[in-house]
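Residue-level structure breakdown
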Amino acid sequence: MGALIIAVDGPAAAGKGTLSRRLATEYKLAHLDTGALYRATARDVLAAGVDPADAEAAAAIAAKLDPATLGDPALRTEAVGRVASIVSAHPAVRAALLEYQRNFAYHPPEGTIGAVLDGRDIGTVVCPQATVKLFVTASLEARSGRRLRELEAAGGPVDAAAVLADMQARDERDSKRSSSPLKPATDAVVLDTSGLDADEAFGAAVSIVRARIRSFSGSQA
Ligand code: C5P
């Protein structure tokens, strides 16, 4: 078996990030939050004063992205998230970020036997050959409730109706765009976390990964 690749896709605030980090620790895998690539592109687009609707200019910025800046706390703001969802709809931006993601998956950092990538199109476009594909989702209400609690915990001003409307708009843009729309791969296992806490979601994900690895090893024997 080559590199163990776990693809975790799904809408915003479904619990992908926490789940992916825990899976990476459990299976000694590297982790790439691919949303951070689009957010970093958005941050640099905003800093350069470029119009996010300008696909060519945004793609040129994406091509020059410095991966060392992916941990920048500024990526987490709502403003950057909103612009990320606009620039990520440009096929040229997606193309500029594709190689970095594939390279990370197939040549994970030393000391790891594979990688967990979370995003929107990992199982469908970035790593169609991933060992395991999870599509992590939750109801719009559950997801906006989680985002609201995160914002409250961060001490920011919170407008529940605006958070819900923003999430709805982002879902709409992610799933209706023509380039790599958000949708489960045909061979993905859907995990609905609406009624689950983080530990329960992790337990369910581990069961799915175990079953998949078992069936994969069986078919190779
Ligand atoms: O997951 P996160 O909210 O950080 O992603 C920011 C934005 O980047 C999303 O709204 C989505 O539009 C975009 N994205 C994407 N493809 C990915 C990851 C994120 O289009 N693989």
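About the cut-offs
Along each chain, the written sequence defines residue order, and numbers are assigned to residues from 1. In keeping with the predicted nature of the model, local features appear solely for residues at pLDDT of at least 70, side-chain atom pairs appear and are counted solely at 80 or more, and the whole-chain, interface and lining totals rest on all residues. To obtain the side-chain values, all non-hydrogen atoms of the structure were used and water was disregarded. Note on conventions: DSSP H or I runs of at least 4 residues are helices, E runs of at least 2 residues are strands, and numbering of each starts at the N terminus. Throughout, the radius of gyration refers to the C-alpha atoms, and the reference size of a globule is 2.2 Å times the residue count to the power 0.38. Contact definition: two residues touch when any of their heavy atoms are within 4.5 Å. Think of it in three bands: with a 1.4 Å probe and only protein chains considered, a residue is buried below 20% of the maximum accessible area for its type, exposed above 50%, and partly exposed in between. Two strands make a pair as long as DSSP finds a minimum of two bridges between them. In this description, a line fitted to the C-alpha atoms serves as the axis of each element, helices being fitted only across the stretch in contact, and the angle between N-to-C directions of two axes falls anywhere from 0 to 180 degrees. One heavy atom within 4 Å of a molecule or strand is enough for the residue carrying it to be called near that molecule or strand. Counting of polar contacts relies on pairs of N or O atoms within 3.5 Å, with two restrictions inside protein: one atom must be capable of donating a hydrogen and the other of accepting it, and residues adjacent in sequence are counted only when both atoms are side-chain atoms. A 1.4 Å probe and the Shrake-Rupley method give the accessible areas. Residues count as covered only by the protein chains that appear here. Three classes are used, and their members are as follows: Ala, Val, Leu, Ile, Met, Phe, Trp, Tyr, Cys and Pro are nonpolar, Asp, Glu, Lys and Arg are charged, and the others, Gly among them, are polar.

Moving on to the overall build of the protein. Counting secondary structure elements, the protein contains nine helices and five strands. Reading the protein from its N end, one meets helices and strands in the order β-α-β-α-α-α-α-β-α-β-α-α-β-α. A compact globule built from 221 residues should have a C-alpha radius of gyration of about 17 Å, and the protein, at 17 Å, falls within 12% of that. For the protein, the C-alpha atoms occupy an extent of roughly 55 × 35 × 30 Å along the three principal directions. Restricting to contacts in the protein with at least 6 residues of sequence separation, those with at least 24 account for 79%.

To continue, consider the environment of Val116. The residue Val116 is located in strand E3 (residues 114–119) in this model. Sequence-distant contacts of Val116, that is, excluding residues within four places in its chain, are made with Ile6, Val8, Ser20, Leu23, Ala24, Leu29, Ala30, His31 and Leu32.

Here the focus is the pairing of strand E1 (residues 4–9). Most of E1 is tucked away: six of the six residues are buried. Going residue by residue along E1, you find Leu4, Ile6 and Val8 tucked away on one face and Ile5, Ala7 and Asp9 tucked away on the opposite face as well. In this structure, E1 lies alongside E3, joined through six bridges in parallel fashion. Bridged to Asp9 within E3 is Gly119. Examined bridge by bridge, E1 and strand E4 (residues 132–137) share four bridges and lie parallel to one another. Along E4, the bridge assignment pairs Val8 with Leu134.

What links the strands of a sheet is backbone hydrogen bonding, and the strands pair in either a parallel or an antiparallel sense. If you walk across this open sheet you meet the five strands as E2-E3-E1-E4-E5, and the pairing is parallel. The sheet is open, and its two edges are formed by strand E2 (30–33) and strand E5 (189–192), each paired on a single side. Across this sheet, the average inter-strand angle for adjacent strands is 20 degrees, counted without regard to direction. Bridging between E2 and E3 involves four bridges; their strand directions are parallel. Across the sheet, Asp33 pairs through a bridge with Asp118, a residue of E3. In the packing of helix H1 (residues 16–26) onto the sheet, contacts are made with E1, E2, E3, E4 and E5, and the angle to E3 comes to roughly 180 degrees.

Arg39, Arg94, Arg120, Asp174 and Arg177 are the nearest of the 14 residues found near the ligand. Contacts to the ligand include Ser88, whose side-chain N or O atom sits 3.0 Å from an oxygen atom. In this structure, Arg177 approaches the ligand through a side-chain N or O atom, which is 2.9 Å from an oxygen atom. Considering the ligand on its own, with 450 Å² of exposed area, one finds that the protein chains cover 97% of that surface. Counting only elements with at least two residues in the shell around the ligand, the list comes to helix H2 (35–48), helix H4 (78–87) and helix H8 (160–176). With three residues, the top contributor of residues to the shell around the ligand is H2. Considering only residue class, the shell around the ligand consists of two nonpolar, five polar and seven charged.

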